[in-house]
Amino acid sequence: MRLEQLRYFIDVANTGSINFTAKKFFATQQSINAALKRLEEEVGYTLLKRSSSGVCLTKGGQLFLDYAIETVDGYNRTLDLLAQLNQSKKS
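Computed from a predicted structure; not experimentally measured.

Quick notes on the rules
Residues numbered from 1 in each chain as written. Predicted model: local features only at pLDDT ≥ 70, side-chain atom pairs only at ≥ 80, totals over all residues. Heavy atoms only, no water. Axes fitted to C-alpha atoms, helices over the stretch in contact; angles between N-to-C directions. Helix = DSSP H or I, 4+ residues; strand = E, 2+ residues; numbered from the N terminus. Parallel < 35°, antiparallel > 145°, perpendicular 65-115°, else oblique. Contact = heavy atoms within 4.5 Å. Nonpolar A, V, L, I, M, F, W, Y, C, P; charged D, E, K, R; others polar. Expected span 1.5 Å × (residues − 1). Buried < 20%, exposed > 50% of the residue type's maximum accessible area, 1.4 Å probe, protein only. Core = buried A, V, L, I, M, F, W, Y, C linked by side-chain atoms within 4.5 Å.

**Quick notes on the packing of helix H1 (residues 3-15) against helix H3 (residues 29-43)**
Then, number 1: Relative orientation of the contacting elements H1 and H3 amounts to 105 degrees, with a least axis distance of 9 Å. Overall, the two elements H1 and H3 adopt an arrangement that is roughly perpendicular. Each of Gln5, Leu6, Tyr8, Phe9 and Val12 in H1 lies in contact with H3, whose residues at this interface are Ile32, Ala35, Leu36, Arg38 and Leu39.
Then, number 2: Looking at side-chain class alone, the contact of H1 with H3 contains eight nonpolar, one polar and one charged residues.

**Overview of H1**
Then, number 1: If you check H1, its first and last C-alpha atoms are 18 Å apart, about what 13 residues at 1.5 Å a residue would give, namely 18 Å.
Then, number 2: Residues of H1 that are buried include every one of Gln5, Leu6, Tyr8, Phe9, Ile10, Asp11 and Val12, and no others.
Then, number 3: On its buried face, H1 sits against helix H2 (18-24), H3, strand S1 (48-51), strand S2 (54-57) and helix H4 (59-90).
Then, number 4: Among the residues trailing H1, Gly16 stands out with phi positive, at a value near 75 degrees.

**Structural notes on the nonpolar core**
Then, number 1: The biggest cluster of nonpolar side chains holds 18 residues, and the ones touching the most others in it are Phe9, Val12, Ile32, Leu36, Leu48 and Phe64.
Then, number 2: Listed by contribution, the elements that provide at least two residues to this core are H1, H2, H3 and H4.
Then, number 3: For this core, the leading source of residues is H1, giving five residues.
Then, number 4: Sequence-distant contacts of Ile32, that is, excluding residues within four places in its chain, are made with Tyr8, Val12, Ile18, Thr21, Ala22 and Ala27.

Printed below as a string of structure tokens:
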């Protein structure tokens, strides 16, 4: 599982659109969809219900969204702490 996949998943969950997510991340719809399919294969569960009108979360996708947000937020907080530590070393 890659952080990039989690970020895509969170954005698709929030927007309901693979197309919007692709534009935001300067990627193709195909690459976003492929990354999300790999994520679903890895977790062994369909996280997104895809239709012509957009994308919505399955029940498992809703549960997984909480994990994805927590993971990405934890990663970002850790980077912030490391940056602060690096700044304090320079002082």
